[in-house]
2 protein chains.
Amino acid sequence: MNIIQGGVCAPKGFQASGVHCGVRKSRTKRDLALIYSERKAAAAAVYTSNLVKGAPLLVTKKHLADGMAQAIICNSGNANTCNADGPAVAEEMCRLAGAALSIPTEDVLVASTGVIGQRLDIAPIAAGIPGLVAGLSLDSSPAAEAIMTTDTAMKQIAVEFEIGGVPCRMGGMAKGSGMIHPNLATMLVFITTDCAIDSAMVQKALSRDVKGTFNMISVDGDTSTNDMVTVLANGMAGNSPITGEGPDFDVFMQALNTVTVWLCRSIAADGEGATKLLECRVTGAKDEATAKTAAKGVICSSLLKAAMFGADANWGRVLCAIGYSGADVDVNQIGVSFASRAGTVEVCRDGAGVDFSEEEAKKVLSEKEINILITLHEGEGSATAWGCDLTYDYVKINGDYRS
Amino acid sequence: MNIIQGGVCAPKGFQASGVHCGVRKSRTKRDLALIYSERKAAAAAVYTSNLVKGAPLLVTKKHLADGMAQAIICNSGNANTCNADGPAVAEEMCRLAGAALSIPTEDVLVASTGVIGQRLDIAPIAAGIPGLVAGLSLDSSPAAEAIMTTDTAMKQIAVEFEIGGVPCRMGGMAKGSGMIHPNLATMLVFITTDCAIDSAMVQKALSRDVKGTFNMISVDGDTSTNDMVTVLANGMAGNSPITGEGPDFDVFMQALNTVTVWLCRSIAADGEGATKLLECRVTGAKDEATAKTAAKGVICSSLLKAAMFGADANWGRVLCAIGYSGADVDVNQIGVSFASRAGTVEVCRDGAGVDFSEEEAKKVLSEKEINILITLHEGEGSATAWGCDLTYDYVKINGDYRS
């Protein structure tokens with residue numbers, strides 16, 4: 001498997017487009033994106049666990065009832081959530097895009113991101129769709145840019161892999177930043193592949209993968225109402241279709257995991273206001289569930305996140321977070337080290353502090369990517385969680401998000 | 001019942017003291033506190049639910065096995081947690097204080113607050129105890145000051161009430177600020193009363209009360225390792241002792257609740273970096289547990305907390321937080337209003353936005369105390385939770401806490 005240039009248009013038969021239509025006040029920021037497959041694709045999705053679900057999710061779920069789709073339309077600037085007419089507007093977005101693409105409304109999926117509880121006006125979207133469709137091309141960047149909200153960087157990746165000797169590709173894009181604390185799925189992630197695989201197996205792969213990827217990142221502990229991850233698999237690579245588990249499915253899972261882990265890290269690193277990516281790796285837990293609970297507890301601790309911002313090796317906050325995380329661990333066996341490109345510093349062994357150089361720790365924690373390594377000495381369970389530091393800018397961004 | 005001047009020394013027979021002994025580097029900040037009762041008192045406590053428990057809690061729990069105590073010693077600047085010799089140091093603090101007060105070691109309770117995982121040197125404490133004991137007086141302020149860490153204000157209250165026609169008093173002090181997200185108990189709270197009540201009933205009253213008070217506040221979602229609430233009841237008011245439930249116990253519960261709610265509000269308002277007290281009141285839930293879960297979810301949302309800092313009526317974040325809180329609610333029936341001394345603004349009805357004046361909302365949210373009023377229209381359950389806004393200063397305080 002190789003990482004290659006590009007994003008969702010890297011697999012055969014996919015095009016994308018992104019325009020400014022006017023959902024956002026800004027006159028330049030793109031706010032409407034389209035991903036289109038020449039052939040109808042096997043499709044799967046996972047959605048937020050929030051009880052309050054954005055209208056686009058409800059419509060997407062309905063359109064995915066047959067496991068097939070051919071296009072995804074997405075706007076940023078307004079989440080179309082908690083609006084009485086939300087489902088009707090989301091459905092109309094699909095109808096208009098479908099008409100312009102000459103495909104059935106039911107083959108269009110829809111997503112929205114932005115402020116909750118403000119009516120989404122269909123007019124600018126309706127006016128923007130002709131240009132959006134006309135702009136379809138093999139360049140995925142305008143679409144990746146159009147789904148951004150407070151993101152500071154586009155998040156795109158593509159990989160190449162082989163199924164039965166046939167080269168296949170997979171590409172993905174994501175929108176992250178704030179309100180990132182997924183439980184079932186996450187923010188907006190669109191993945192495309194030309195690999196032939198039936199929709200049941202795409203759904204199985206995706207549902208299995210997110211447990212260790214998108215469900216293991218947290219920027220701020222807030223689970224959004226609009227989180228969604230979708231995969232479109234159009235089969236145009238021409239491999240013998242994957243219809244069950246086995247070596248081919250394993251390769252597909254591996255490709256998917258490469259794409260999703262990369263997107264997870266990108267989303268965490270670009271968390272609102274973040275200056276650092278935090279990766280917490282727990283090993284030696286009595287089981288995987290325990291490792292996950294502990295890793296997520298650490299990555300979610302506001303106190304630890306603020307300490308990481310300050311490059312302060314305040315490891316007591318790591319122990320504290322494990323202690324309240326709900327993970328069943330023997331606190332007297334916990335070991336903690338901080339690591340980065342600048343080195344590794346052991347700070348805690350058997351649940352108590354060890355002498356370490358504050359100067360060295362400061363150097364390790366001043367890097368852009370920090371590893372928090374936790375060993376529990378109770379078994380074979382392990383897990384990784386991703387997050388970011390808590391900074392002044394997080395507060396600034398969220399103190400006047402709507403202004 | 002009346003609120004009166006003073007704190008833990010308002011009830012008969014209690015004295016307190018606070019000195020600088022040198023646990024903290026600062027040469028002036030008091031860091032060692034003592035509360036002493038002339039008579040041995042019925043005593044009760046609740047402790048943090050964190051699996052990592054501070055050594056002082058373990059020792060206090062042991063000393064409370066007989067339900068009696070006569071003094072509490074507490075240092076700030078070091079939590080004495082995650083230290084191999086922690087229990088021995090905590091026990092030695094009790095022994096030294098007991099010796100100086102001529103009471104058994106087992107009648108002294110101990111608490112510590114501050115950084116985790118740095119050895120607590122007994123030497124400055126041992127050197128400070130004679131002056132601490134000599135300084136005992138009816139002024140509770142030096143003790144209330146000595147337990148502060150990043151608190152910006154002392155938190156003390158006293159009330160007067162009658163049991164069977166006999167005037168009784170109750171006083172309390174608290175240390176709050178950061179790492180505030182109690183589950184079973186909370187930060188450090190010391191409550192004294194001269195009311196005669198046996199230790200089983202004190203424990204019952206306290207355990208019942210914290211569920212709706214200290215368990216319902218959150219500053220930052222981090223549950224400390226050292227949270228503890230204790231009550232000493234020395235019986236010196238001379239009322240007929242409370243030994244079971246009934247009208248007298250109800251009056252005692254009411255007095256306790258007045259003290260604890262006041263301390264909760266003070267702790268939340270003085271959360272690290274906070275500029276505003278947030279009080280979230282949920283009514284119409286199908287039961288009390290649902291109301292509590294929803295109220296706590298809202299008060300814990302970083303996004304909402306940041307919006308409140310910016311006086312931004314971003315009510316979608318309230319719905320979002322209810323949605324992921326785990327509370328079983330019908331999202332299409334949720335109503336939300338923001339209120340303060342400046343007025344009330346309805347922002348959401350039946351789960352969807354209503355038109356409101358942004359200008360008026362800004363005025364309401366610019367006050368120091370904000371009420372978030374949520375109605376669920378599903379039953380009679382209600383609950384209140386307290387929190388604070390998320391500000392630049394929270395990040396600043398926690399970015400270099402140890403420096």
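Each residue is numbered by its place in its chain's sequence as written, counting from 1. Written order decides the labels, with chains lettered from A and ligands numbered from 1. Thresholds applied to this predicted model are a pLDDT of at least 70 for local features of residues and 80 or more for the giving and counting of side-chain atom pairs; totals over whole chains, interfaces and linings are not thresholded and use all residues. To get the side-chain values, take all heavy atoms of the structure and skip hydrogens and water.

**Q** Can you break down the overall build of chain A residue by residue, with the values?
**A** Going along the chain from the N terminus, every DSSP run of H or I of four or more residues is numbered as a helix, and every run of E of two or more is numbered as a strand. A tally of helices and strands in chain A yields 11 helices and 16 strands. The globule rule used for comparison is 2.2 Å times the number of residues to the exponent 0.38, while the radius of gyration itself is calculated over C-alpha atoms. A compact globule built from 403 residues would reach a C-alpha radius of gyration of about 22 Å, and chain A, at 21 Å, matches this within 12%. For chain A, the C-alpha atoms occupy an extent of roughly 70 × 55 × 35 Å along the three principal directions. Each residue's exposure class comes from its accessible area (1.4 Å probe, protein chains only) as a fraction of the maximum for that residue type: buried when under 20%, exposed when over 50%, partly exposed otherwise. Counting across all 403 residues of chain A, residues that qualify as buried make up 63%. Any two residues whose heavy atoms approach within 4.5 Å are treated as being in contact. Pairs at least 24 apart in sequence give 81% of the contacts found in chain A among residues at least 6 apart. Accessible surface, chain A as shown: approximately 13,600 Å² in total, 50% of it carbon and sulfur. Every accessible area reported is derived by Shrake-Rupley at a probe size of 1.4 Å, with residue values counting cover from the shown protein chains alone.

**Q** Tell me about the interface of chain A and chain B, and name the residues and values.
**A** Listed as interface residues are 54 residues of chain A and, on the opposing side, 53 residues of chain B. Carbon and sulfur atoms make up 59% of the surface buried where chain A meets chain B, a total of about 4,100 Å² over both sides. The rule for a salt bridge is simple: a side-chain nitrogen of Lys or Arg has to be within 4 Å of a carboxyl oxygen of Asp or Glu. Scanning the region where chain A abuts chain B turns up 0 salt bridges. Here a polar contact is taken to be a pair of N or O atoms separated by no more than 3.5 Å, where protein atoms must pair a possible hydrogen donor with a possible acceptor and residues adjacent in sequence count only if both atoms sit in side chains. Linking chain A with chain B are 6 residue pairs in polar contact (both at pLDDT 80 or more), by the criterion used here. Side-chain classes follow a simple rule in which Ala, Val, Leu, Ile, Met, Phe, Trp, Tyr, Cys and Pro form the nonpolar group, Asp, Glu, Lys and Arg form the charged group, and the remainder, Gly included, forms the polar group. Each residue belonging to the side of chain A that touches chain B can be placed in one class, and the counts come to 26 nonpolar, 18 polar and 10 charged. As used here, buried area is the combined drop in accessible area, with a 1.4 Å probe, of two parts when they are placed together.

**Q** Now, about the packing of aromatic side chains: what can you tell me, with residues and values included?
**A** All names here are of chain A. In summary, the pairing rule links any two rings of Phe, Tyr or Trp, Trp by its six-membered ring, whose centres are within 6.5 Å, and it sorts them by plane angle into stacked for under 30 degrees, edge-to-face for over 60 and tilted for everything else. This model, assessed by the stated rule, comprises 2 aromatic pairs over all chains. A centroid spacing of 5.4 Å and a plane angle of 90° characterise the contact between F309 and Y392, whose relative ring orientation is edge-to-face. Of this pair, F309 sits in helix α8 (residues 302–309) while Y392 sits in helix α11 (residues 392–399), and the two are 83 residues apart along the sequence. Residue F309 is classed as partly exposed on the basis of its relative accessible area, which comes to 23%. By relative accessible area, Y392 is classed as partly exposed at 31%.

**Q** Describe in detail the pattern of salt bridges, supporting the description with residues and values.
**A** Scanning all chains against the criterion turns up 30 salt bridges over all chains. Of the charged contacts, one joins K62 of chain A and E91 of chain A as a salt bridge, the two residues approaching to 3.1 Å between their closest N and O atoms. Highlighted residues: K62 of chain A in helix α1 (residues 55–63) and E91 of chain A in helix α2 (residues 86–101), separated in sequence by 29 residues. Residue E160 of chain B is joined to R169 of chain B by a salt bridge in which the shortest nitrogen-to-oxygen separation is 3.0 Å. A relative accessible area of 29% means that R169 of chain B is categorised as partly exposed.

**Q** Hey, could you go over the packing of α11 of chain A against helix α11 (residues 392–399) of chain B for me, with residue numbers and the actual values?
**A** Two numbers describe a pair of packed helices, the interaxial angle and the distance between the axes. For helices, the fitted line uses only the C-alpha atoms of the stretch in contact; every axis is such a line through C-alpha atoms, and the angle between N-to-C directions lies from 0 to 180 degrees. The N-to-C vectors of α11 of chain A and α11 of chain B enclose an angle of 170°; their axes lie 8 Å apart at closest approach. Regarding the angle of α11 of chain A to α11 of chain B, the classification is roughly antiparallel. Residue-level inspection shows Y392, V395 and K396 of chain A of α11 of chain A in contact with α11 of chain B, the latter providing Y392, V395 and K396 of chain B. Along the lines of polarity and charge, the residues of the contact of α11 of chain A with α11 of chain B split into 4 nonpolar, no polar and 2 charged. Any angle from 65 to 115 degrees is called roughly perpendicular, while one under 35 is roughly parallel, one over 145 is roughly antiparallel, and all others are oblique.

**Q** Before we move on, can you summarise helix α10 (residues 358–365) of chain A with the specific residues and values?
**A** Residues separated by three or four positions in an α-helix point in the same direction, a consequence of the helix having 3.6 residues per turn. Residues and elements named next belong to chain A. The set of residues buried in α10 consists of A361, V364 and L365. Seen along its axis, α10 keeps its buried residues to an arc of 90°; they face one direction. Facing away from the buried side of α10 by more than 90 degrees, the exposed set consists of E359 and K363. In this structure, the buried side of α10 is in contact with α8, β12 (335–340), β13 (343–349) and β15 (369–375). Starting at the helix axis, one direction is taken to each C-beta atom, and the arc is that of these directions.

**Q** So, the relation of the copies chain A and chain B: which residues are in play, and what are the values?
**A** Between the two copies of the chain lies a relationship made up of a rotation around an axis and a movement along it. Superposing copies: least-squares fit, C-alpha atoms only, residues required to have pLDDT of at least 70 in both. Overlaying chain A on chain B yields an RMSD of 0.0 Å, the required transformation being a rotation through 180° with an accompanying axial translation of 0.0 Å. Both chain copies can therefore be described as sitting about a two-fold axis. The position closest to the rotation axis in chain A is occupied by the C-alpha of Y392 of chain A, lying 2.5 Å away. Comparing interface residues between copies, 98% of those in chain A also lie at the interface in chain B; the contact surface is shared.

**Q** Summarise the pairing of strand β11 (residues 277–285) of chain A; cite the residues concerned and give the values.
**A** Residues and elements named next belong to chain A. With 7 of 9 residues buried, β11 is to be regarded as a mostly interior element. Strands pair, by our definition, only if DSSP identifies at least two bridges between them. Bridge count between β11 and β15: 7 bridges; the pairing is parallel. Along β15, the bridge assignment pairs V282 with I374. Taken together, the 7 bridges between β11 and strand β16 (residues 381–388) define a ladder with antiparallel strand orientation. Each bridged residue has a counterpart across the sheet, and for C280 the counterpart in β16 is A385.

**Q** Please set out the state of the cysteines residue by residue, giving values where relevant.
**A** Cysteine sulfur atoms that pair up within 2.5 Å are treated as a disulfide. Counted under the stated rule, the structure contains 0 disulfides over all chains. Of the cysteine sulfurs around C74 of chain B, a residue in no disulfide, the closest is that of C21 of chain B, at 11 Å. Judged by relative accessible area, which is 1%, C74 of chain B ranks as buried. Here C320 of chain B is not cross-linked by a disulfide; its sulfur's nearest cysteine counterpart is in C82 of chain A, at 8.5 Å. Using a relative accessible area of 1% as the deciding quantity, one classes C320 of chain B as buried.

**Q** Any details on the side chain of T60 of chain B? Residues and values, ideally.
**A** Relative to the elements of secondary structure, T60 of chain B occurs in helix α1 (residues 55–63). If near-sequence neighbours (up to four positions away) are discounted, T60 of chain B is found in contact with Y47, L109, V110 and M228 of chain B.

**Q** Which residues make up helix α5 (residues 199–210) of chain B, and what values do they have?
**A** Residues and elements named next belong to chain B. With 12 residues, α5 ought to run about 16 Å at 1.5 Å a step, and its terminal C-alpha atoms sit 16 Å apart, in line with that. Along α5, the residues classified as buried are M201, V202, A205, L206, D209 and V210. An end-on view of α5 places all buried positions within 155° of arc, on one side of the element. The elements touched by buried residues of α5 are β3 (32–47), β9 (228–233) and α6 (247–269). Here the expected span of a helix is defined as 1.5 Å times the quantity of residues minus one.

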